[in-house]
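Commentary on secondary and tertiary structure
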Amino acid sequence: MRSERTEMRKRQMPAAQETTSSTPGQPGAGDRGSNTCCFCWCCCCSCSCLTVRNQEEQRPRRPSHELTREDLPTCEESPSPTLEEVNAWAQSFDKVMLTPAGRNAFREFLRTEFSEENMLFWMACEELKKEANKTIIEEKARIIYEDYISILSPKEVSLDSRVREVINRNMVEPSQHIFDDAQLQIYTLMHRDSYPRFMNSALYKDLLQSLAEKSVEA
């Protein structure tokens, strides 16, 4: 009797395995590897790795012409200023802003006063004026607006309401001169407010002294 039951169980086991492997909607162990990610052995569609992958595939790709903030200048390469050049900075603010060395030195001073965004905005406007391609002008104008004009930006520059209103209207179809009034306003602010302190700063005096000493040694 026991031998008959044993024989019947042996016959039922292969049949059950075939039924399990052929049941639709329930993949067997051999199918599991094709649907799982490298970190988990589950085959469910809610796997976090698959979710991230789907998000990456659905994310719109940036067109080749679209710019990023890295495309806008944040520093200028320049040779070390000469003694004559640094002495000339004391004559007028225009002479400071005339050369990359002067702008870099003044920008370094602005950084100590937490107002570097004024120089960055002025430089970005200068770059915008050089553009002729309409698409690039629109992209650069958008980035400048978001970085320096928007009230939500931590780098917002100080502008009066009239200038802001004009910019807001012109952002519908910006030109390379959309920020001209704002740029002039910031230039005037740096001239009247920051430039006098720059002339009396340790940064300027130390630079002037070091160049004078080198000139004597030479």
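Right above here is the structure, for reference.
Here's what I pulled together on the structure shown here. Owing to the predicted nature of the structure, the values given are computational and were not obtained by experimental measurement.

Before going further, it helps to examine the overall build of the protein. Regarding its fold elements, the protein presents 11 helices and zero strands. Listed by position from the N terminus, the elements making up the protein come as α-α-α-α-α-α-α-α-α-α-α. Relative to its full complement of 218 residues, the protein shows a buried share of 29%. Partitioning the intrachain contacts of the protein with sequence separation of at least 6 by distance along the chain shows that 59% fall at a separation of at least 24. Carbon and sulfur atoms make up 52% of the accessible area of the protein, which totals about 14,900 Å².

Within the structure shown, the criterion is met by 12 salt bridges. A salt bridge links Arg111 to Glu116; the nearest nitrogen and oxygen atoms lie 3.0 Å apart. With a shortest N-O distance of 3.2 Å, Asp193 and Arg197 are connected by a salt bridge. Taken together, the positions of Asp193 and Arg197, both in helix α10 (residues 180-199) and four residues apart, correspond to about one turn of that helix. Take Arg197: its relative accessible area is 35%, and that puts it in the partly exposed class. Shared partners join several salt bridges into a network, and the residues in it are Arg107, Arg111 and Glu116.

We now examine the side chain of Ser153. Among the secondary structure elements, Ser153 is positioned in the loop between α8 (134-149) and α9 (161-170). Ser153 gets classed as buried once you look at its relative accessible area, which sits at 12%. Contacts of Ser153, omitting those with residues within four sequence positions, involve Glu146, Asp147 and Tyr148.

Packing of α9 against α10 leaves a shortest axis separation of 9 Å and a crossing angle of 150°. It follows from the interaxial angle that α9 and α10 lie roughly antiparallel. In this structure, α9 crosses over α10, and the sense of that crossing is left-handed. Within the contact between the two elements, α9 uses Arg162, Val163 and Ile167 and α10 uses Asp181, Ala182 and Gln185. When grouped by side-chain class, the residues that make up the contact of α9 with α10 number three nonpolar, one polar and two charged.

For the rest of this paragraph, the subject is α8. Listing the buried residues of α8 in full gives Ile137, Glu139, Lys140, Ala141, Ile143, Ile144, Asp147, Tyr148 and Ile149. Summarising the contacts, the buried residues of α8 are in contact with α7 (116-129) and α9.

The next point concerns the nonpolar core. Counting 38 residues, the largest nonpolar core has Trp89, Phe106, Phe121, Phe179 and Phe198 as its most contacted members. When contributions to this core are tallied by element, the ones reaching two or more residues are α4 (83-89), α5 (93-98), α6 (100-112), α7, α8, α9, α10 and α11 (202-217). Broken down by element, this core gets its largest block of residues, eight residues, from α7. When neighbours within four sequence positions are excluded, Phe106 is seen to be in contact with Phe93, Val96, Met97, Met119, Met190, Ser194, Tyr195 and Phe198.

So, about the packing of aromatic side chains. In this description, a pair of aromatic rings is defined by centroid distance and the angle of the planes. Enumeration according to the criterion identifies 12 aromatic pairs in this entry. When the centroid spacing of 5.3 Å and the interplanar angle of 80° are considered together, the rings of Phe106 and Phe198 count as edge-to-face. In this pair, Phe106 sits in helix α6 while Phe198 sits in helix α10, placing the two residues 92 residues apart along the sequence. Taken as a pair, Phe106 and Phe198 share a single burial class, namely buried.

The rules we used
- Residues numbered from 1 in each chain as written.
- Predicted model: local features only at pLDDT ≥ 70, side-chain atom pairs only at ≥ 80, totals over all residues.
- Heavy atoms only, no water.
- Helix = DSSP H or I, 4+ residues; strand = E, 2+ residues; numbered from the N terminus.
- Buried < 20%, exposed > 50% of the residue type's maximum accessible area, 1.4 Å probe, protein only.
- Contact = heavy atoms within 4.5 Å.
- Areas by Shrake-Rupley, 256 points an atom, 1.4 Å probe, with all protein chains shown as cover.
- Salt bridge = Lys/Arg side-chain N within 4 Å of Asp/Glu carboxyl O.
- Axes fitted to C-alpha atoms, helices over the stretch in contact; angles between N-to-C directions.
- Parallel < 35°, antiparallel > 145°, perpendicular 65-115°, else oblique.
- Left-handed = near helix turned anticlockwise from the far one by under 90°.
- Nonpolar A, V, L, I, M, F, W, Y, C, P; charged D, E, K, R; others polar.
- Core = buried A, V, L, I, M, F, W, Y, C linked by side-chain atoms within 4.5 Å.
- Phe/Tyr/Trp six-rings, centres within 6.5 Å; stacked < 30°, edge-to-face > 60°.

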